[in-house]
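Observations on chain architecture
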Amino acid sequence: MTNSEIIKKLKKIKYKIGVRKTHFTIWNCPCKNDNHPVYVGNHQGECRNYYHGVLRRLGPHKKEFLS
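Definitions and limits used
Residues numbered from 1 in each chain as written. Predicted model: local features only at pLDDT ≥ 70, side-chain atom pairs only at ≥ 80, totals over all residues. Heavy atoms only, no water. pLDDT = per-residue confidence, 0-100. Helix = DSSP H or I, 4+ residues; strand = E, 2+ residues; numbered from the N terminus. Buried < 20%, exposed > 50% of the residue type's maximum accessible area, 1.4 Å probe, protein only. Arc of directions from axis to C-beta. Pairing = 2+ DSSP bridges. Axes fitted to C-alpha atoms, helices over the stretch in contact; angles between N-to-C directions. Core = buried A, V, L, I, M, F, W, Y, C linked by side-chain atoms within 4.5 Å. Contact = heavy atoms within 4.5 Å.

Notes on the confidence of the model for the protein chain
- Across the protein chain, pLDDT averages 82, with 91% of residues at or above 70.
- No element of the protein chain has a lower mean pLDDT than helix H2 (residues 47-57), which averages 70, and none a higher one than strand E1 (residues 16-20), which averages 90.

A look at helix H1 (residues 3-12)
- Burial in H1 covers these residues: Asn3, Ile6 and Leu10. Summarising the axial view, the buried residues of H1 lie within an arc of 60°, below the 170-degree limit, and thus occupy one face. Among the exposed residues of H1, those pointing more than 90 degrees away from its buried face are Lys8, Lys11 and Lys12.
- One or two positions beyond H1, positive phi appears at lysine 14, with a value near 75°.

Comments concerning the sheet that holds strand E2 (residues 24-28)
- Read from one edge of the open sheet, three strands run E1-E2-E3, paired in antiparallel fashion. Two strands bound the open sheet, and with one partner strand each, they are E1 and strand E3 (38-41). Taking each pair of neighbouring strands and ignoring which way they run, the sheet shows an average axis angle of 35°.
- Note that E2 and E3 share four bridges and pair antiparallel.

Quick look at the nonpolar core
- Counting 13 residues, the largest nonpolar core has Leu10, Tyr15, Leu58 and Phe65 as its most contacted members.
- Those elements that provide at least two residues to this core are H1, E3 and H2.
- By residue number, the principal contributor to this core is H2, which donates three residues.
- Each residue touching phenylalanine 65, except ones within four places of it in the same chain, is listed here: Met1, Ile6, Lys9, Leu10, Ile13, Tyr51, Val54, Leu55 and Leu58.

So this is what it looks like as structure tokens:
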């Protein structure tokens, strides 16, 4: 799954963009406290490394992301 596909799915489940760094962007969950931030790489070559991290960090939003 590429970074752009991950971002589309995050937008679909109402994640909002947070801080953008040089190599990654932090996306915040729609919960009140933003308890489940997700890091998505900004460079296409790193997409495989971040995909498994995204699945781990989603917490209760994992089912929504996979559907």
